[in-house]
Amino acid sequence: MEEHGISADLNTYKWLLEGCLTTGALVDAKRVHCKILKLGLDEEPVLGSRLIEMYANFGDVRDTIHLFDKISQKSVSCWNGILTALLAKAMNWQAIHFFLRNLKDGLCPDRVAFCTALRACSGSNVHFSLVQQIHAKVFRYGFSSDAIVCNPLIDLYAKNGRIGLAHLLFEGLCSRDSVSWVAMISGFSQNGYGVEALFLFSQLKMTGVKPTPYVFSSVLSACTKTEYTDLGKQLHADVLKWGFLSETFVGNALINLYSRSGEWNSAEQIFLDMLHHDAVTYNSLISGHSQGGKSDKALHFFQKMQSLGLKPDAVTIASLLSACATLGALDKGKQLHAYVFKSGISSDIIIEGSVLDLYVKCSDVDTAHEFFNTANKENVVLWNVMLVAYGQLGNLTESFNLFYQMQYAGVNPNQYTYPSILRTCTSLGALDLGEQIHTHVIKTGFEQNVYLSSVLIDMYAKCGKLNIARGILERVTEDDVVSWTAMIAGYAQHELCVEALKLFEEMQKRGILADNIGLSSALSACAGIQALKQGSQIHCQAFVLGYFKDLSIGNSLVSLYARCGRVKEAKCAFEAVEKKDQITWNALISGFAQSGHYEEALSVFSLMNEAEVEANVFTYGPTVSAAANITDMKLGKQIHARIIKTGHESEIEAGNALITLYAKCGVLQEAQRGFFDMSERNEISWNAIITGYSQHGCGKEALRFFEMMKEGGFKPNHVTFVGVLSACSHVGLVEEGLNYFKSMSEEHDIIPRAEHYACVVDILGRAGLVDHAKGIIKQMPMDPDAMVWRTLLSACTVHRNMEIGELAASHLLELEPKDSASYVLLSNIYAVAKKWVLRDKVRQMMKDRGVKKEPGRSWIEVKNSVHAFFVGDKLHPLTDKIYEKLEDVTLKIAENGYVQDRYSLLNDDEQEQKDPSIFVHSEKLAISFALISLSTELPIRVFKNLRVCNDCHNWIKFVSKISGRVVIVRDAYRFHHFSDGACSCGDYW
């Protein structure tokens with residue numbers, strides 16, 4: 001054109017610039033630009049826009065902006081071109097600045113300008129207030145419902161945790177494209193709202209919008225976080241249907257899903273099916289296998305990853321170190337530590353914490369300390385891990401030293417610092433030091449932290465400061481299941497079972513879903529008060545919540561049913577526990593022992609030995625107790641020998657059980673020896689020996705031990721005073737007993753319970769002060785229970801007080817209409833008073849109500865065999881010899897002054913009609929058998945299920961005198977030691 005003299009016009013240069021742009025001829029474009037400048041056409045808007053577009057596309061950003069600033073009529077398209085160019089060169093800050101500058105200059109942005117500016121914010125570390133300013137402009141210019149503008153804004157809000165605002169924007173869109181759905185679903189998933197992400201995906205499917213690979217990646221991630229593996233498998237089928245497995249990031253999401261759910265084979269199959277693998281692929285496999293305890297597989301993929309030249313991220317290395325720490329694989333962990341050091345990432349915060357955690361969990365505290373000294377001391381995580389290390393060692397001194405060093409170094413504790421040291425205080429019972437840490441918690445403003453509050457509640461509850469623990473719980477602003485569970489467990493551990501169950505009910509009313517620990521604690525509380533009905537309901541609840549295989553709940557159920565005496569259910573619960581541990585066996589043994597199924601308890605102990613499960617002190621305690629309660633001293637001694645053999649004789653619990661064993665078997669000297677041989681004693685030890693002396697009628701000795709207990713600095717409890725008051729009762733120390741009762745509340749801050757009032761009634765009743773005893777009952781702050789009324793009725797029977805006896809019997813029959821003892825005692829009152837018609841009415845009432853009198857029964861062990869006798873028994877193989885000996889002995893003692901008293905409860909006609917043999921009580925037969933069977937050097941030990949009657953008590957005294965034998969009889973109330981014609985009770989029982 002120029003050679004022919006034809007002048008180029010505006011359109012010519014426009015077309016030339018378009019040609020240069022299409023062919024990428026930057027040199028030619030600059031030549032054309034020069035000609036435009038010479039001709040003065042650079043002010044033309046059309047050419048200016050083309051030049052800006054051209055330079056922007058060629059990546060010459062500086063010249064582009066310079067050119068844009070020179071033109072007088074700036075177009076939005078030029079503005080957008082420059083923004084896009086800046087974004088392409090990752091010059092995000094410059095793009096944002098350029099956008100805001102032109103916005104300030106009055107240039108009106110379109111949707112593309114806003115979209116580009118928001119994308120620039122997404123790729124840079126901008127202050128969030130800047131995003132909010134741009135959002136305000138979006139609203140002002142009318143783009144608040146435009147998908148193109150709002151999609152990056154939704155993404156920004158979601159990534160910054162403003163998920164509510166993101167969802168509000170999403171809901172306000174006029175129309176949603178696939179990018180909108182991806183942004184919102186991904187936002188929900190990343191912010192922990194997995195269920196909401198899945199629900200949104202279901203809405204997406206109903207709209208007919210075609211899902212993209214990014215949608216599937218986000219939804220699969222949500223399935224992983226919410227543990228909806230089955231739904232993830234369905235999505236896997238959709239991925240295959242749409243052909244999205246070729247996308248590496250989709251395959252990575254599937255690998256993450258299966259590896260986190262423990263389906264390693266599926267994860268590895270997807271790995272094999274994928275066309276391409278990247279670092280994320282291997283990181284997902286390694287992290288999944290590490291967290292699942294598959295450290296060997298994780299290390300295998302780690303080595304393969306290294307061979308391909310792919311670098312694992314810090315999270316992956318941390319996962320591998322964590323796996324090694326969990327499995328105690330210290331050598332492999334050290335190899336990883338070496339790799340970390342060589343790779344130059346040892347200073348990474350996550351890596352440092354994981355390395356230190358490895359050495360701590362593998363109990364290599366010395367190496368952990370060395371590493372800690374070389375690490376970044378500003379990292380609070382490292383301080384926390386070291387506090388955990390010293391806590392595991394129970395080294396409270398070093399824990400506090402480290403805590404104070406931390407403060408001196410200027411490192412601010414966080415919500416995970418205090419729990420480490422508080423747990424150490426809890427485990428060691430160091431409440432005073434724990435209270436100091438609590439003060440620090442308040443000063444640093446962490447008192448309202450839910451996690452810290454739960455640890456404080458646990459500490460105070462376990463240390464017995466339940467009121468303080470409850471106060472902290474009531475100040476917790478969130479409904480935190482851990483805090484509530486800690487409080488419930490605290491109540492249960494201190495045998496405040498009613499309070500534990502009330503709190504459990506309140507927790508449920510608040511809608512707080514109980515976890516396995518909460519359910520287990522509630523079941524323990526039910527076991528403590530034999531609340532079978534409520535325990536069964538909690539059992540159902542645990543089953544519905546999917547905890548039917550949980551070991552702690554299984555053990556609690558075994559304890560519940562066993563302690564409630566439900567033998568069949570207890571055994572079923574025991575068999576349902578797949579992996580039985582010591583606690584499972586101990587729960588069954590202890591439960592049976594506490595519910596009176598002593599033979600069952602001993603049978604389970606035998607099975608435990610056959611199963612080669614190692615017994616511990618919590619096994620021996622209830623086992624010895626069971627042997628004591630059936631007075632099987634032979635078995636008790638065998639268990640004692642086993643305790644010594646297994647090295648548990650120094651355990652306080654074992655010593656306490658043995659004291660009870662020998663005391664209940666009538667060998668008080670052995671009980672006393674066991675007590676004094678103990679290297680260490682607690683309140684239970686003193687209670688055992690005091691109760692032992694009390695049961696043997698040695699009241700003054702029991703009181704002497706009580707005074708020794710107080711002098712030794714031991715604090716008496718409810719059980720102690722039952723023993724003390726019983727001791728006073730057995731030896732007739734009325735004034736002393738009333739003073740001890742008074743001292744409970746005045747000196748020892750103990751509120752008397754029903755059993756203490758029963759003891760006081762017994763003290764007064766035995767002394768014949770029946771009216772005074774009745775007055776004590778009237779003053780009780782709680783409703784008298786059956787024990788109190790039965791004690792009063794028994795006293796009325798002895799002292800022939802029919803009026804008060806009838807009152808006591810009426811209350812007793814109302815409380816326990818099926819208890820035969822109540823009817824028998826009332827019947828005896830009438831018989832002694834010669835009120836035969838009333839006596840017969842009581843007996844008829846028993847028949848009408850289907851109540852059967854418990855027959856008297858006595859046991860005696862001769863030559864390793866236990867022999868049982870009933871009243872008038874003639875079933876023993878040596879019956880003839882036994883009765884012959886009985887007659888012989890009775891004749892001899894009659895010559896020495898014994899007079900039989902057998903007809904006091906019978907009228908004249910009955911005395912004539914009754915077969916004399918039925919008046920031969922079981923203890924007379926047992927002693928007669930012993931006289932012909934046992935060596936004269938051995939004491940005669942008889943155990944009876946009912947109270948010894950006056951006649952038998954007198955008979956045994958005379959027998960001990962004429963035979964020169966020591967006779968020890970344990971009845972339902974106490975021990976009687978007969979020797980040389982006298983009884984240890986002093987005829988006061």
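The structure this text deals with has already been given above.
Residues numbered from 1 in each chain as written. Predicted model: local features only at pLDDT ≥ 70, side-chain atom pairs only at ≥ 80, totals over all residues. Heavy atoms only, no water.

**Comments concerning the pattern of salt bridges**
Logical step 1: All told, the structure shown has 24 salt bridges when counted by the stated rule.
Logical step 2: The partner of lysine 549 in a salt bridge is glutamate 578, and the shortest N-O contact between them spans 3.7 Å. Linking lysine 549 in the loop between helix H32 (532-544) and helix H33 (551-563) with glutamate 578 in the loop between helix H34 (567-576) and helix H35 (582-594), this pair joins segments that are 29 residues apart in sequence. Of the two residues examined, lysine 549 and glutamate 578, each falls in the exposed class.
Logical step 3: Measuring nitrogen to oxygen at the nearest pair gives 2.9 Å for the salt bridge that ties lysine 957 to aspartate 987. Taken together, the residues lysine 957 in helix H54 (residues 950-963) and aspartate 987 in the segment after strand S6 (982-983) connect sequence positions 30 residues apart. (Salt bridge = Lys/Arg side-chain N within 4 Å of Asp/Glu carboxyl O. Helix = DSSP H or I, 4+ residues; strand = E, 2+ residues; numbered from the N terminus. Buried < 20%, exposed > 50% of the residue type's maximum accessible area, 1.4 Å probe, protein only.)

**Quick look at helix H21 (residues 349-361)**
Logical step 1: In this model H21 runs 18 Å from its N-terminal to its C-terminal C-alpha over 13 residues, within 8% of the 18 Å that 1.5 Å per residue would give.
Logical step 2: Residues of H21 that are buried make contact with helix H19 (314-327), helix H20 (330-343), helix H22 (365-374) and helix H23 (380-392).
Logical step 3: Downstream of H21 by one or two residues, serine 363 has phi in the positive range, about 60 degrees. (Expected span 1.5 Å × (residues − 1). Contact = heavy atoms within 4.5 Å.)

**Structural notes on the packing of helix H47 (residues 786-799) against helix H49 (residues 820-832)**
Logical step 1: As a packed pair, H47 and H49 sit with axes 9 Å apart at the nearest point and diverge in direction by 25 degrees. One way to sum up the angle between H47 and H49 is to call them roughly parallel. The two elements H47 and H49 meet at a crossing, and its hand is left-handed. On H49, the residues that touch Arg790, Leu793, Ser794, Cys796 and Thr797 of H47 are Ser822, Leu825, Leu826, Asn828 and Ile829.
Logical step 2: Across the contact of H47 with H49, the residue classes break down as five nonpolar, four polar and one charged. (Axes fitted to C-alpha atoms, helices over the stretch in contact; angles between N-to-C directions. Parallel < 35°, antiparallel > 145°, perpendicular 65-115°, else oblique. Left-handed = near helix turned anticlockwise from the far one by under 90°. Nonpolar A, V, L, I, M, F, W, Y, C, P; charged D, E, K, R; others polar.)

**Concerning empty space enclosed by the protein**
Logical step 1: Under the defined criterion, the tally for this structure stands at two cavities of 30 Å³ or more.
Logical step 2: In this structure, the largest cavity encloses a volume near 70 Å³.
Logical step 3: Surrounding the largest cavity, His438, Glu447, Gln448, Asn449, Ser453, Leu456, Ile472, Arg475 and Val476 form its lining.
Logical step 4: Taken together, the elements giving at least two residues each to the lining of the largest cavity come down to helix H27 (450-462) and helix H28 (466-475).
Logical step 5: For the lining of the largest cavity, the per-class residue count stands at three nonpolar, four polar and two charged. (1 Å grid on protein atoms, 1.4 Å probe; cavity = no way out; pocket = protein on both sides within 12 Å on 5 of 7 lines; lining within 4 Å. Points joined across faces, edges and corners; volume = space filled by probe spheres on them.)

**Points about the sheet that holds strand S3 (residues 940-944)**
Logical step 1: The sheet built from six strands is open, its strands ordered S2-S1-S3-S4-S5-S6 with mixed pairing. Of all the strands in the sheet, the pair left with one neighbour each is strand S2 (865-870) and S6.
Logical step 2: Bridge count between strand S1 (residues 857-862) and S2: six bridges; the pairing is antiparallel. Paired with isoleucine 860 across the strands is histidine 867, a residue of S2. (Pairing = 2+ DSSP bridges.)

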